[in-house]
Amino acid sequence: MPARARLNSTRPPGTCFNQDSAVQNQLTSYPRDGAVNGGKTQPSPFPYLRSIPAQPAAKKTGSGFLFALAILVSLVLVGRIFDYVLVGYHLPAAICAVAFVVSLASGGAAQLRNRVGIPLLGLIVWMFLATPFSSWKGDSASVVVYFAFFTLMWLPMAMGPRSFKDIRRLILLLAVLNVITLAFTRYDPEGRLRGIGGSFSNSEDIGLIAIMSIPFWMLIASQVRLFPLKILIGVASALFLIRTAALTGSRATLLAAFGMGVVYFVRSGASKKMMVILGALIGIVLIVATVPDTTLQRLASVVDAIEENRDLAIAGSTEAAASAAERQELLLDSIRISVTHPLFGIGPGQFAMYRWNEGKDLGIRKGYLVTHNAYTEVSSEDGIIGLIFFVGMIVGTQKTIQIARKLNSPGSHRDWETGRNIATCLQLSFVCIVICGFFLANAQYIFWYLIGGMALALERVTLHRIAQERLEPVPQRSPVQYGAPATGFARVPPVNGRAGENGVGSFSKPRLRPQ
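Residues numbered from 1 in each chain as written. Predicted model: local features only at pLDDT ≥ 70, side-chain atom pairs only at ≥ 80, totals over all residues. Heavy atoms only, no water.

Peer 1: Describe the packing of aromatic side chains, listing the residues and the values that go with them.
Peer 2: Per the counting criterion, the structure on display carries 10 aromatic pairs. Seen from their ring centres, Trp126 and Phe344 are 5.0 Å apart, and the 15° between their planes marks the pair as stacked. Pair noted here: Trp126 is in helix 5 (residues 117-130) and Phe344 is in the loop between helix 16 (319-340) and helix 17 (351-362), with a separation of 218 residues, a long-range link. Per residue, the accessibility class of Trp126 equals that of Phe344, and both read buried. A centroid spacing of 4.6 Å and a plane angle of 50° characterise the contact between Tyr146 and Phe150, whose relative ring orientation is tilted. Here Phe150 and Tyr146 lie together in helix 6 (residues 137-151), a separation of 4 residues that amounts to about one turn. The class of Phe150 is buried, set by a relative accessible area of 13%. (Phe/Tyr/Trp six-rings, centres within 6.5 Å; stacked < 30°, edge-to-face > 60°. Helix = DSSP H or I, 4+ residues; strand = E, 2+ residues; numbered from the N terminus. Buried < 20%, exposed > 50% of the residue type's maximum accessible area, 1.4 Å probe, protein only.)

So this is what it looks like as structure tokens:
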């Protein structure tokens, strides 16, 4: 049997969930004999479905036009350039509409049938069903249309990238746009750093953007070949982002940074663990040395509302403790509303209005405030079923990142290390967003869905890369001839890698044959 056929015969048939048919049918499992990996044994992949026979892999994946649209969508939704220029012309809606139509025309409907798209579509449909039961139907309808339209912009992010280089370019673009957002900031009367306007003006938003950008810049630094420049980019960007997050006084981002560090520490080797510890110590020294005392006191008050009496905190013992106590009250109110309105909630986007009207009817003064919790935001406004869909989207994104990481196991293909670094970057940023979701009403933030799209793109590109390398000819070693010109005979090379007759058990002298 030819070596190529023998190699293919050792691969059990299978497929990956919801990828391009040519790619998903080609990738069955990793070759266990290591024939396409220089003789190295490759690790077992994530378990895939095994019902479709293998087919030839496609010559290319992704779309250059969709990738250009993904860049444009990132500029519009992350850079928010039209918050400051050409305001009022509805250019973000027009650009995103073009991206959405082109994505659907290029097979986006099939792309929606995956572990990220299905729960997101379920959430959108459920929000539409909840609108007739809203306390303010017109406003809820506009909230749902906005949410459905802009969250589906992950489609060009998932379908556009053609290679690891394209995904790195998207991450670089997001990192630069986030730094530009952080550059246009100012201090509020309380001494906290906040945006100058537009969609990301809150201090909590600025802190989240700073922390989630750290993995982006670490990935960028890892791709630099010149070692001094690599260290300079990594250290300078990390210190800038950590200090910026600390200046916002956001305790949520402090916890998110801690959680991100723990995840990376657990999954890293000994040398990188030491780097995490050293980086944490340097970051703490930088924060203590450069952040104002009032902001430090706020950061140190993460548990003040628990340790102090709630009434004293609200009365103003400290601003930070009062804020934490107020958020506790918002959390309890959102849980109560979720329990009393379990099916459709009180309507998309209506928590602040419903709570304010409720206090007015009871003669209690309540602020017009959001939940400060993404999960109870969804459960109180869209019902428990809406929360199930939202959590399903989170689980689907995390599972996609995990699968992409497993696919980029050592030796799986030539650029496995780049793919693995991208997966780690996406996972750490997603961990930041998930943790901040417990303290911010950020369920409608575009970052949740853009990371899900890039994770799907990484999985697709990795599958295609592995499939393409399997189609490459397997190099065969030519027999080594041992010349014996003095006698006119040549040694017969060993058979099956062993010396002796037929390569089995014999260690006698090699047989000779006439030249």
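Peer 1: Give a detailed account of the side chain of Ser250, specifying residues and quantitative values.
Peer 2: By the secondary structure assignment, Ser250 is in the loop between helix 10 (227-247) and helix 11 (251-266). Taking relative accessible area as the criterion, Ser250 reaches 1% and is therefore assigned buried. A polar contact of 2.5 Å, which involves the side chain of Ser250, links it to the side chain of Glu204. Once residues lying within four places of it in the same chain are set aside, the contact partners of Ser250 are Arg192, Glu204, Ala245 and Leu299. (Polar contact = N/O pair within 3.5 Å; in protein donor to acceptor, adjacent residues only side chain to side chain. Contact = heavy atoms within 4.5 Å.)

Peer 1: Any details on helix 9 (residues 203-222)? Residues and values, ideally.
Peer 2: Taking 1.5 Å per residue, 20 residues should reach 28 Å; helix 9 reaches 30 Å between its end C-alpha atoms and fits that length. If you look at helix 9, its biggest bend is around 30°, right at Ile214, and the proline Pro215 turns up within four residues after that. With 18 of 20 residues buried, helix 9 is to be regarded as a mostly interior element. A distance of 2.7 Å separates the backbone nitrogen of Glu204 from a side-chain oxygen at the start of helix 9, and that oxygen is part of Asn202. (Expected span 1.5 Å × (residues − 1). Bend = angle between axes of the 7 residues up to and from the residue.)

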